[in-house]
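Given next are the chains, with one letter for each unit.
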Amino acid sequence: MKKFYLFVSILLMGVSTIQAQLTDVVTGLDNPSRLFLNGTDLYYSTASEIFKIDITENSPTPVSVIGGLNGTVGMAMEGNTLYFSEFNAGKISKIDITDPTPTAEVVISGLNTPGNLLLDGNTMYYSDPNDNFVAKFDVTDPNPSPVVVATSNFNFNPSGLAMLGNILYMGQGQANRVSMVDVTSGNTQPTDVVVGVNRPLGIRVVGNNLFIAEYIGNKISTKALSNGSSTAEEIVSGISSPTDIEIVGNTLFILEKGANKISKITIPLGVNDLSAKSIHLFPNPATSFIQVSNLQDPQPFTIYAIDGSKVATGMIQPNERINIENLSAGAYVFTVSGASTKFIKN
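Sequence order as written defines residue numbering, which begins from 1 separately in each chain. In keeping with the model being predicted, local features are shown solely for residues with a pLDDT of at least 70 and side-chain atom pairs are shown and tallied solely at 80 or more, while totals for entire chains, interfaces and linings include all residues. Heavy atoms throughout the structure, all of them, feed into the side-chain values; hydrogens and water do not.

1. Digging into the side chain of S159
Starting at the N terminus, helices and strands are each numbered in turn, a helix being any DSSP run of H or I of at least four residues and a strand any DSSP run of E of at least two. With respect to the helices and strands, the residue S159 is situated in strand β15 (residues 158-164). Here's how the labels work: a residue is buried when its accessible area is under 20% of the maximum for its type, exposed when over 50%, partly exposed in between, all with a 1.4 Å probe on protein chains only. For S159, a relative accessible area of 6% gives the class buried. When checking whether two residues touch, look at their non-hydrogen atoms; a contact exists if any pair is within 4.5 Å. For S159, the residues in contact, after removing those within four places along its chain, are R34, N116, S127, G171, Q172, G173, P200 and L201.

Structure (structure tokens):
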């Protein structure tokens, strides 16, 4: 299974409520729930169906990906495999998106109310707001058994998930906070990152910044993770019950559940120009994967052997990692967006 993980390096230039005009991307949706971006395809879930739109089109038309579902909420993707949770059916399933008439295959069942999903390599994290925990399992295991990674007796109610390194961030919808755990520590008690937000359902981490969709607050807020403050600052207001967000470059896509639409707005992000500086790959040397620290948009990449032969190509997506397990030990050149660097595969 192909694995990707890429850190986006985007620095917030100034935090203030954006006065720019919100633009409708697609309207007239049927009670949409969550967003998931894969390249230029923006997927959104409804109670019984998953759709996608092409964000490069001026007036995109939703295309049905799969229907007949039972309370669809979260989505995650690995290669051509789309995973999705069915809240009311207590299961997580998958399909091949290249199949024009896909049939859902159950990955794990017998869950209570699985909500949002986050895939890190082969590890799937899912939130269950009624069981009050976040758990993980291995998607390659034919008989997966969930392991709890975060839980709390304090009105936990986990919703949106995001990850940076080993730190898993979780929106707590009813507790009006965003918390975190180190998934390698064995400690399942979350630590507060942001408090005082108004039902944070969707969260994203981009570079050093945490973005939060406040469902009751009707706004998007943000916090620099390097900032020790536990408060978030509003950057977009006047939206209708946002449940989720996605970010491409300096464009913020917002799922406005209250208005049954997806909108977008330009946010004041300072983007590092990758072509003007060297690529930073890590770890280097590497064994199973490499990460890129200073890329913020989806970009095509190429890996060359030291003799100049092309050994791998693909599209790097934000917040993913590049699997190099199949490469032989030796030196390689990694090229993206006009810049190149050498790395060693152990």
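2. A closer look at unusual backbone geometry
Residue P285 is reached from N284 by a cis peptide bond, and omega for that bond is 10 degrees. In this fold, P285 is placed in the loop between β27 (281-282) and β28 (289-292). Phi is positive for N132, close to 60 degrees, though the residue is something other than glycine. Residue position: N132 is located in the loop between β12 (123-128) and β13 (133-138). Here R199, not a glycine, exhibits a phi torsion of approximately 60 degrees, which is positive. Assignment of secondary structure puts R199 in the loop between β18 (191-195) and β19 (200-206). The class for R199 is partly exposed, based on a relative accessible area of 31%.

3. Focus: the environment of V63
Mapping V63 onto the fold places it in strand β6 (residues 63-66). Judged by relative accessible area, which is 41%, V63 ranks as partly exposed. Note: C-alpha distance between V63 and K52 (11 residues apart in sequence) is 5.3 Å. Setting aside residues no more than four positions away along its own chain, V63 makes contact with I50, F51 and K52.

4. Some points on the pairing of strand β25 (residues 261-266)
Two strands are counted as paired when DSSP detects at least two bridges linking them. With 3 bridges connecting them, strand β2 (residues 23-26) and β25 associate as antiparallel partners. When the bridges of β25 are listed, D24 appears paired with S263. Pairing of strand β24 (residues 251-256) with β25 involves 6 bridges; the strand directions are antiparallel. Paired with T251 across the strands is T266, a residue of β25. What sits between β24 and β25 in their antiparallel hairpin is a turn of 4 residues, with N260 showing a positive phi close to 55 degrees.

5. Thoughts on the packing of aromatic side chains
Paired rings are identified among Phe, Tyr and Trp, the last through its six-membered ring, by centres lying within 6.5 Å, and are further divided according to the angle between planes into stacked (under 30 degrees), edge-to-face (over 60) and tilted (the rest). Summed over all chains, the structure comprises 5 aromatic pairs. Note on Y44 and F51: the rings are 5.3 Å apart at their centroids and 15 degrees apart in plane angle, and the pair reads as stacked. One exposure class covers both Y44 and F51, and it is buried. Ring geometry for Y332 versus F343: centroids 5.7 Å apart, planes at 20 degrees, classification stacked. With Y332 in strand β32 (residues 330-336) and F343 in strand β33 (residues 339-345), this pair connects stretches of sequence that are 11 residues apart. An identical accessibility class is assigned to Y332 and F343; each is buried. Three or more aromatic residues joined by ring pairs form one cluster here, namely Y126, F133 and F137. Either the NZ atom of lysine or the CZ atom of arginine qualifies as a charge over a ring when it sits within 6 Å of the ring centre and within 35 degrees of the ring normal. Above the ring of F289, the side-chain terminus of R321 is found at 4.0 Å from the ring centroid.

6. Focus on the side chain of D128
By the element assignment, D128 lies in strand β12. Within the buried set, D128 has no salt-bridge partner at all; the shortest N-O distance to an opposite charge, 12 Å, is to R34. For this analysis, a polar contact is any N or O atom pair within 3.5 Å, provided that within protein one partner can donate a hydrogen and the other can accept it, and provided that sequence-adjacent residues contribute only side-chain to side-chain pairs. In this structure the side chain of D128 is engaged in a polar contact, spanning 2.6 Å, whose partner is the side chain of T113. The residues touching D128, leaving out its near neighbours within four places in the chain, are N112, T113, P114, F133 and P158. When charges are counted, Lys and Arg are positive and Asp and Glu negative, with His and the chain ends excluded. The term salt bridge refers to a pairing of a side-chain nitrogen on Lys or Arg with a carboxyl oxygen on Asp or Glu at a separation within 4 Å.

7. Some details on the sheet that holds β13
Backbone-to-backbone hydrogen bonds pair the strands of a sheet. The strands run either parallel or antiparallel. Taken in spatial order, the 4 strands make up an open sheet running β11-β12-β13-β14, and their pairing is antiparallel. The open sheet is flanked by β11 (117-120) and β14 (147-151), the only strands paired with a single partner. Adjacent strand axes in the sheet meet at a mean angle of 25 degrees when their direction is disregarded. Each axis is a line fitted through C-alpha atoms, taken for helices only over the stretch in contact, and angles between the N-to-C directions span 0 to 180 degrees.

8. Quick notes on the pattern of salt bridges
The full count for this structure, using the stated rule, is 7 salt bridges. As a salt-bridge pair, D24 and K261 come within 2.8 Å of each other at their nearest N and O atoms. In this pair, D24 sits in strand β2 while K261 sits in strand β25, placing the two residues 237 residues apart along the sequence. Note on D24: relative accessible area 42%, which makes it partly exposed. Since its relative accessible area comes to 19%, K261 is described here as buried. Residue D192 is joined to R177 by a salt bridge in which the shortest nitrogen-to-oxygen separation is 2.6 Å. Of this pair, D192 sits in strand β18 while R177 sits in strand β17 (residues 177-182); the two residues are 15 residues apart in sequence, bridging distant segments of the chain. Given a relative accessible area of 16%, R177 falls into the buried group. Put simply, R204, D244 and E246 are held in one network by salt bridges that share partners.

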